[in-house]
Amino acid sequence: MILEAIVSTTDSNGVVNIAPMGPRVNPELTEFCLRPFKGSKTYDNLLATRRAVIHVTDDCQMYASSITGTLSPPAMKSLHEGKWWVIENACRYFAIEVTHWQEDSQRAELDCRIVDSGELRPFFGFNRAKHAVIETAILATRIHLLDHNMIRAELSRLGVWVEKTAGHAEHAAFAQLSEFIQTRLKPE
């Protein structure tokens, strides 16, 4: 199954990058497979260091801001002398290192082992609006792969969920992602 998450990686100079990603996981959350696209900062960082932290969070604004490039540096703590960086506002984290690297023409498939993990705060949960923001975030990362009319239709459908069930954070995150997507779509 896929776990929607926020992943922090570092480059060879220790500079942190934060990006959304859906690693494949087993139900016990003991096996992780990262699948970064080639050319992404996450791919480059994993190639350089083979380390990441997978964060489970219910903060939909973090998903939106990490995609649109507007994420203010969150409070983070280092693990194991700065090799891994944990977002302090996450609910859970899994510090991992790559044990097996395989790739195709579009992306790598990285099997990972857990080096450290922990729970930082309770998971609030998701309502339909939070789910809509996550789905919109996924669309935003797939603009180059998906039919643009299909993306427009999905935005319209997901917007209904936001209107019916969102709080302020979900409205703001959905608006941020919608604007990001609309500026990148080809005109109808």
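Now for a look at the structure at hand. (Residues numbered from 1 in each chain as written. Predicted model: local features only at pLDDT ≥ 70, side-chain atom pairs only at ≥ 80, totals over all residues. Heavy atoms only, no water.)

1. What about the overall build of the chain?
Along the chain, the regular secondary structure elements total five helices and nine strands. Counting helices and strands in the order they occur from the N terminus, the chain gives β-β-β-β-α-β-α-β-β-β-β-α-α-α. Taken against the 2.2 N^0.38 rule, which gives 16 Å for 188 residues, the C-alpha radius of gyration of the chain at 16 Å falls within 12% of a compact globule. For the C-alpha atoms alone, the extent of the chain along its principal axes is close to 45 × 40 × 30 Å. The proportion of buried residues among the 188 residues of the chain is 46%. Pairs at least 24 residues apart make up 66% of the contacts formed inside the chain by residues separated by at least 6 positions. Per element, the accessible surface of the chain, about 9,500 Å² overall, is 50% carbon and sulfur. (Helix = DSSP H or I, 4+ residues; strand = E, 2+ residues; numbered from the N terminus. Rg over C-alpha atoms; globule rule 2.2 N^0.38 Å. Buried < 20%, exposed > 50% of the residue type's maximum accessible area, 1.4 Å probe, protein only. Contact = heavy atoms within 4.5 Å. Areas by Shrake-Rupley, 256 points an atom, 1.4 Å probe, with all protein chains shown as cover.)

2. So, the packing of aromatic side chains
Two descriptors summarise a pair of aromatic rings, namely the distance from one centre to the other and the angle between the planes of the rings. Counted under the stated rule, the structure contains three aromatic pairs. With a centroid separation of 4.9 Å and an interplanar angle of 45°, the aromatic rings of F32 and F94 are classed as tilted. Highlighted residues: F32 in strand β4 (residues 32–34) and F94 in strand β8 (residues 92–103), separated in sequence by 62 residues. A residue is classified by how much of its surface remains accessible, and F94, at 3% relative accessible area, is buried. Judged by centre distance (5.6 Å) and plane angle (65°), the rings of Y43 and W101 are edge-to-face. (Phe/Tyr/Trp six-rings, centres within 6.5 Å; stacked < 30°, edge-to-face > 60°.)

3. Quick notes on helix α3 (residues 128–140)
For α3, with 13 residues, the first-to-last C-alpha span of 18 Å sits near the 18 Å given by 1.5 Å per residue. At its buried positions, α3 is contacted by α2 (60–68), α4 (148–165) and α5 (168–182). (Expected span 1.5 Å × (residues − 1).)

4. Re helix α1 (residues 41–49)
In an α-helix there are 3.6 residues to a turn, and that puts residues three or four apart on one side. Among the residues making up α1, those that are buried are T42, Y43, N45, L46 and T49. An end-on view of α1 places all buried positions within 165° of arc, on one side of the element. In this fold, the buried residues of α1 make contact with β1 (5–10), β2 (16–21), β4, β5 (51–56), β8 and β9 (108–119). Positive phi appears at R50, one or two residues downstream of α1, with a value of about 60°. (Arc of directions from axis to C-beta.)

5. Focus: the sheet that holds strand β3 (residues 24–25)
Strand order in the open sheet made by the seven strands is β2-β1-β5-β8-β9-β4-β3, with antiparallel pairing throughout. The two strands at the open ends of the sheet, each matched to only one other strand, are β2 and β3. Relative to β5, β1 runs antiparallel, the two sharing three bridges. Looking across to β5, one finds that S8 is bridged to V53. Set on the sheet, α2 makes contact with β1 and β2; between it and β2 the angle comes to about 115°. (Pairing = 2+ DSSP bridges. Axes fitted to C-alpha atoms, helices over the stretch in contact; angles between N-to-C directions.)

6. Let's talk about the nonpolar core
Membership of the largest hydrophobic core comes to 25 residues, with the highest contact counts inside it found for I151, L177 and I181. Listing elements by their share of this core, those giving two or more residues are α2, α3, α4 and α5. Examining the composition of this core, we find that six residues originate from one element, α3, more than from any other. Those residues within four positions of I151 in sequence are excluded, and the remaining contacts are L139, I143, L146, I181 and L185. L34, F94, I96 and W101 belong to the second-largest nonpolar core, a separate cluster that totals 20 residues. (Core = buried A, V, L, I, M, F, W, Y, C linked by side-chain atoms within 4.5 Å.)

7. As for empty space enclosed by the protein
As enumerated under the stated definition, the model contains one cavity of 30 Å³ or more in all. Approximately 40 Å³ is the volume attributed to the largest cavity. Lining the largest cavity are S8, T9, T10, R51, A52, V53, K83, W84 and W85. Sorting the residues of the lining of the largest cavity by element identifies β1, β5 and β7 (84–87) as the ones contributing at least two each. When the residues that make up the lining of the largest cavity are grouped by side-chain class, the tally is four nonpolar, three polar and two charged. (1 Å grid on protein atoms, 1.4 Å probe; cavity = no way out; pocket = protein on both sides within 12 Å on 5 of 7 lines; lining within 4 Å. Points joined across faces, edges and corners; volume = space filled by probe spheres on them. Nonpolar A, V, L, I, M, F, W, Y, C, P; charged D, E, K, R; others polar.)

Without other data, these values stay purely geometric and don't point to any function.
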